[in-house]
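For reference, the chains in residue letters:
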Amino acid sequence: MAESTARRALALGLLMSGRGAEAIAELEFVSVSKIEPVWFEAELLVLRGVLEGWRGELRSAAKDLSTAIRWSRWRDARRASECI
């Protein structure tokens, strides 16, 4: 959980300092093709989708957010579904 919080804070800090591409790259380890994600990966995927949307990368954002929705339906991912 601490790693998830740290990655989220780093990504947001990078975005706020004008380094959006680096912010998204920080979250690239989360794979949309994963079958059984760890609960916090859905949260990070939502964040990556939002960052991509802010940067105008709408196809990537839609893919990430769609995957996060699928994951939240698949198992008890309350925290991710709250983000969505």
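Refer to the preceding data block for the structure.
Computed from a predicted model, the values in this text were never measured in an experiment.

What counts, and at which threshold
- Residues numbered from 1 in each chain as written.
- Predicted model: local features only at pLDDT ≥ 70, side-chain atom pairs only at ≥ 80, totals over all residues.
- Heavy atoms only, no water.
- Axes fitted to C-alpha atoms, helices over the stretch in contact; angles between N-to-C directions.
- Helix = DSSP H or I, 4+ residues; strand = E, 2+ residues; numbered from the N terminus.
- Parallel < 35°, antiparallel > 145°, perpendicular 65-115°, else oblique.
- Contact = heavy atoms within 4.5 Å.
- Nonpolar A, V, L, I, M, F, W, Y, C, P; charged D, E, K, R; others polar.
- Expected span 1.5 Å × (residues − 1).
- Buried < 20%, exposed > 50% of the residue type's maximum accessible area, 1.4 Å probe, protein only.
- Core = buried A, V, L, I, M, F, W, Y, C linked by side-chain atoms within 4.5 Å.
- Polar contact = N/O pair within 3.5 Å; in protein donor to acceptor, adjacent residues only side chain to side chain.
- Salt bridge = Lys/Arg side-chain N within 4 Å of Asp/Glu carboxyl O.

Chemist: Now, about the packing of helix H1 (residues 2–16) against helix H3 (residues 39–54): what can you tell me, with residues and values included?
Modeler: Following both chains from N to C, one finds H1 and H3 inclined at 5°, their axes separated by 10 Å at the closest point. It follows that H1 is roughly parallel to H3 by the angle criterion. Contacts from Ser4, Arg7, Arg8, Ala11, Leu12 and Leu15 in H1 reach Phe40, Glu43, Leu44, Leu47, Leu51 and Trp54 in H3. Taken together, the residues of the contact of H1 with H3 break down into eight nonpolar, one polar and three charged.

Chemist: Break down H3 for me, citing the residues and quoting the values.
Modeler: Over its 16 residues, H3 extends 24 Å from the first C-alpha to the last, a length consistent with the 22 Å expected when each residue adds 1.5 Å. The complete set of buried residues in H3 reads Phe40, Glu41, Ala42, Glu43, Leu44, Leu45, Val46, Leu47, Arg48, Gly49, Leu51 and Glu52.

Chemist: So what about the nonpolar core? Which residues, and what values?
Modeler: Counting 17 residues, the largest nonpolar core has Ala11, Ala23, Leu27, Leu45 and Leu51 as its most contacted members. Of all the secondary structure elements, the ones that give two or more residues to this core are H1, helix H2 (20–26), H3 and helix H4 (58–74). Non-local contacts of alanine 11, meaning those with residues more than four positions away in its chain, are made with Ala23, Leu27, Leu47 and Leu51.

Chemist: Would you mind going over the side chain of glutamate 41 in detail, with residue names and values included?
Modeler: With respect to the element layout, glutamate 41 can be found in helix H3. Here valine 38 takes part through its backbone nitrogen, which lies 2.8 Å from a polar atom of the side chain of glutamate 41.

Chemist: For the pattern of salt bridges, give the residues involved together with the corresponding values.
Modeler: On inspection of all chains with the given rule, the structure shows eight salt bridges. Among the salt bridges present, the one from arginine 48 reaches glutamate 52, with a minimum N-O distance of 4.0 Å. You can see arginine 48 and its partner glutamate 52 sitting in helix H3, four residues apart, about one turn around the helix. On the basis of relative accessibility, which here comes to 4%, the residue arginine 48 falls in the buried class.

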